[in-house]
Amino acid sequence: MSKPGDQQLADMEVDPSAAAAEKPAVRFSINVLELMREAQMQHGLRQSDYTRYRRYCSARLRRLYKSLKFLHGRGKYTRRNITESTVTDVRYLHIVFYMAERAWSHAMEKKTAGTNAQQRIYMLGRFRKAVKWASLFSQLCSVKGDSRTSLEAEAYASYMKGALFFEQDKNIEVAMINFKNTRAVYEELGKYGSIENQLLCRQRIEEVEPMIDFCSHKLGGSSLQAHELLDTANDLLKAKMEAVLSETRSQQAASMTEFNWLGRRFPITNAKTRVSILKAQQLEKDLNGSATESIAADKKLGIFDKIFSAYHDARSCIRNDLASAGNAENMRDDLNGLDKAVSAVLGLRTIERNQLLVSIAKSKFTKHRDEKNERITKPEELVRLYDLLIQNTTDLTDLVSSGRNKNEEENSFIHEYELKGLAFRAERCFFLAKSYSSAGKRAEAYALFCHARTLTDSALQQLANSPDKALIQDLKSLFDNCRSNSCIEHATGIMEEESVPLKLSKGVSTMSLGDDKTKENKYLLDMLDSYESAIGEPNTKGPCRIAQFPPPFQAVPCNPIVLDMAYNAIEFPSLENRMKKEKKGLLSRFWG
């Protein structure tokens with residue numbers, strides 16, 4: 001007879017299979033690069049002794065097999081495969097890793113010993129074996145490892161594949177793609193973590209760089225095609241790389257408690273806001289790093305877009321917190337200050353992006369059309385860009401000066417960007433004068449050049465003690481350009497004014513009272529024997545008179561009309577006897 005308590009205990013029992021199903025899968029973590037470098041440097045590869053390293057890998061595998069009791073039988077050898085269900089301990093992943101390392105070290109041992117044809121075949125076989133184990137290692141880590149381990153394992157497998165194709169001396173494009181994938185992963189991983197990890201990633205990149213250069217040299221003309229293939233191949237790594245970077249940012253954001261801006265500190269309580277701000281700051285470091293000069297302008301614009309996206313995410317999180325803050329005045333003040341600071345940084349990055357667009361447009365302003373038929377920049381486009389910069393500067397200074405109690409850093413920041421706004425107005429006036437000059441309006445262009453010169457002189461006087469030497473140098477160059485262009489416009493205007501009476505007298509001399517016909521436009525094809533310009537005046541927008549199109553109508557003789565006058569006089573014979581007669585029956589004859 002069961003007791004009520006026993007029944008309650010039976011009801012409280014949990015099915016072990018259900019509990020196992022609810023238990024989350026264990027994700028193993030391996031620092032693949034650190035594990036590989038430590039094993040190689042301590043066991044022979046510091047002296048390039050691949051034989052010693054291969055023996056170490058074999059001994060290490062033997063110890064792993066024994067510790068896991070993962071033996072292959074006594075007497076008769078029966079291989080036991082490692083699958084996803086087998087990996088219940090991180091040491092199983094170590095087995096697959098050391099199998100790949102042993103095959104690779106054996107191949108390198110044969111390579112350094114000097115190979116003939118038969119030994120080369122054996123060496124390539126060991127490289128294929130290393131690729132096989134490295135691919136299995138990457139596959140298992142993608143299922144059983146965390147995101148960083150999976151990414152490092154994929155980079156390790158890419159390196160092995162690249163080494164195989166490199167040694168085979170065929171499919172060089174594929175080898176370069178794999179090497180570049182490896183470099184891209186370690187470049188991203190080298191931005192985070194400890195100093196030792198960054199140093200290891202840098203060393204790995206330095207090992208891969210000569211192989212990429214050699215592949216590019218061998219590809220020759222098809223290197224651009226390989227670069228395009230690399231862009232498509234990198235798409236496969238973007239998801240994993242983004243997952244690893246977001247996870248690392250989350251770990252670093254845990255220690256980020258404040259946002260500093262112009263001497264003020266604003267606390268950050270929301271984890272999503274911290275991650276977004278940290279992502280934007282890391283992108284800013286990439287943009288302002290030592291290698292920023294080698295980054296193409298298109299890639300810089302792409303980085304700016306990512307920075308804007310990160311700061312917009314942070315602002316949306318802050319405003320959601322403001323909506324849920326209620327009547328807590330201290331919290332609302334902190335969130336409003338943080339929102340203002342993030343908006344100011346966003347405005348500052350917007351100005352930097354527009355300045356980059358201006359520099360790109362200026363590089364094409366003085367350039368002529370080359371063999372690629374690249375479109376040159378018109379002065380009106382630069383005027384529009386400087387309008388945006390003036391508006392951005394005004395908005396930023398209004399935002400920073402909106403507070404009541406401004407500190408010294410905020411006042412100096414406002415003064416600095418007011419002077420930059422004055423410099424932007426001088427640049428805008430200069431290119432507006434260029435626009436009038438290209439339209440042939442000399443008086444307006446001369447007046448605008450003089451006004452731009454005055455604005456530039458005023459900005460230079462106020463920036464005399466400024467530490468921004470680059471801006472001062474740009475303004476001095478603008479001052480000289482304004483002076484030279486105003487002199488050119490003045491001289492050109494006088495020359496055109498002097499040539500007006502000459503043109504008028506020439507036109508009057510060709511007038512005739514008896515000829516009422518308008519002057520016909522002469523085309524180049526009609527006056528090949530005389531030297532006369534068919535392009536028109538240099539400052540006018542009239543079309544070139546090369547040939548008339550559509551061509552004028554020409555008189556064409558029509559086909560002759562033939563009149564047959566004999567037709568009415570001809571008498572044709574009767575054909576009734578040849579016509580078929582209708583047969584009639586008896587009744588039809590009777591009724592007529």
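Quick caveat, the model's predicted, so the values are computed rather than measured.

Chemist: Can you break down the overall build of the protein chain residue by residue, with the values?
Modeler: What the protein chain contains, in helices and strands, is 18 helices and two strands. The contacts of the protein chain with a sequence gap of at least 6 include a subset with a gap of at least 24, amounting to 67%. About 38600 Å² of surface is accessible on the protein chain, with carbon and sulfur atoms providing 53% of the total.

Chemist: Which residues make up a nonpolar patch on the surface, and what values go with them?
Modeler: There is a patch of nonpolar side chains on the surface, built from Leu524, Leu525, Leu528 and Ile546 and spanning about 380 Å² of accessible area. Within the fold, Leu525 resides in the loop between α17 (469-509) and α18 (586-590).

Chemist: Account for the pairing of strand β2 (residues 264-267), with residues named and values stated.
Modeler: Bridging between strand β1 (residues 258-261) and β2 involves four bridges; their strand directions are antiparallel. When the sheet's bridge partners are listed, Glu258 is paired in β2 with Pro267. Counting the residues in the hairpin turn of β1 and β2 gives two residues, including Leu262, whose phi is positive at 55 degrees.

Chemist: Pulling in residues and values, what's your account of unusual backbone geometry?
Modeler: For the bond from Phe549 to Pro550, the omega torsion is -5 degrees, close enough to zero to count as cis. Among the secondary structure elements, Pro550 is positioned in the loop between α17 and α18. Positive phi, close to 60 degrees, is recorded for Ser48, a residue that is not glycine. For Ser48, the position within the fold is in the loop between α3 (32-42) and α4 (50-68).

Chemist: Describe the environment of Lys476, and please don't skip the residues or the numbers.
Modeler: Along the chain, the position of Lys476 falls in helix α17. Given a relative accessible area of 44%, Lys476 falls into the partly exposed group. Put simply, Lys476 and Ala459 are 17 residues apart on the chain and 10.0 Å apart in space, counted from C-alpha to C-alpha.

Chemist: A description of the nonpolar core should follow, citing residues and the corresponding values.
Modeler: One broad rule of soluble globular proteins: the nonpolar side chains tend to lie buried together. One finds Phe259, Trp261, Leu396, Phe413 and Leu475 to be the most contacted residues of the largest nonpolar core, which totals 67 residues. Listing elements by their share of this core, those giving two or more residues are β1, α11 (271-287), α12 (297-323), α13 (329-363), α14 (379-400), α15 (408-438), α16 (442-462) and α17. Residues within four places of Trp261 in sequence aside, it is in contact with Phe266, Ala341, Ala344, Val345, Leu348 and Phe413. Ranked by size, the runner-up nonpolar core spans 54 residues in total, among them Leu33, Ala103, Phe127 and Ala157.

Chemist: Explain empty space enclosed by the protein to me, using residue names and the numbers behind them.
Modeler: One way to see where empty space is left: roll a probe the size of a water molecule over the atoms. Counting across every chain of the model gives one cavity of 30 Å³ or more. Taken together, Pro267, Ile268, Thr269, Asn270, Thr273, Ile318, Asp321, Leu335 and Leu338 make up the lining of the largest cavity. At the level of elements, α12 and α13 are the ones that each hand at least two residues to the lining of the largest cavity. For the lining of the largest cavity, a count of residues per class yields five nonpolar, three polar and one charged.

Chemist: Give a detailed account of the side chain of Thr273, specifying residues and quantitative values.
Modeler: Along the chain, Thr273 turns up in helix α11. Look at Thr273 and you get buried, because its relative accessible area is 1%. Dropping the residues within four chain positions of it, Thr273 is found in contact with Ile268, Ala314, Cys317, Ile318, Asp321 and Leu338.

Chemist: Would you mind going over the pattern of salt bridges in detail, with residue names and values included?
Modeler: The full count for this structure, using the stated rule, is 19 salt bridges. A salt bridge links Glu207 to Arg37; the shortest N-O distance between them is 2.8 Å. Here the residue Glu207 occupies a position in helix α9 (residues 195-219), and Arg37 occupies one in helix α3, the gap between them amounting to 170 residues. Notably, a salt bridge pairs Lys111 with Glu167, separated by 2.4 Å at the nearest N-O pair. Here Lys111 is found in helix α5 (residues 90-112), whereas its partner Glu167 is found in helix α7 (residues 147-168), with 56 residues between them in sequence. With a relative accessible area of 12%, Glu167 lands in the buried category. Each of Arg37, Arg204 and Glu207 takes part in a single network of salt bridges with overlapping partners.

Chemist: So what about the side chain of Thr456? Which residues, and what values?
Modeler: Summarising the element assignment, Thr456 is placed in helix α16. On the accessibility criterion, Thr456 (0% relative accessible area) is buried. At 2.7 Å, the side chain of Thr456 forms a polar contact with the backbone oxygen of Ala452. Other than its neighbours up to four places away in sequence, Thr456 contacts Ala426, Leu475, Leu478 and Phe479.

Basis of the calculations
- Residues numbered from 1 in each chain as written.
- Predicted model: local features only at pLDDT ≥ 70, side-chain atom pairs only at ≥ 80, totals over all residues.
- Heavy atoms only, no water.
- Helix = DSSP H or I, 4+ residues; strand = E, 2+ residues; numbered from the N terminus.
- Contact = heavy atoms within 4.5 Å.
- Areas by Shrake-Rupley, 256 points an atom, 1.4 Å probe, with all protein chains shown as cover.
- Patch = residues over 30% accessible without salt bridge, like charges linked within 9 Å, V, L, I, M, F, W, Y side chains within 5 Å.
- Salt bridge = Lys/Arg side-chain N within 4 Å of Asp/Glu carboxyl O.
- Pairing = 2+ DSSP bridges.
- Buried < 20%, exposed > 50% of the residue type's maximum accessible area, 1.4 Å probe, protein only.
- Core = buried A, V, L, I, M, F, W, Y, C linked by side-chain atoms within 4.5 Å.
- 1 Å grid on protein atoms, 1.4 Å probe; cavity = no way out; pocket = protein on both sides within 12 Å on 5 of 7 lines; lining within 4 Å.
- Points joined across faces, edges and corners; volume = space filled by probe spheres on them.
- Nonpolar A, V, L, I, M, F, W, Y, C, P; charged D, E, K, R; others polar.
- Polar contact = N/O pair within 3.5 Å; in protein donor to acceptor, adjacent residues only side chain to side chain.

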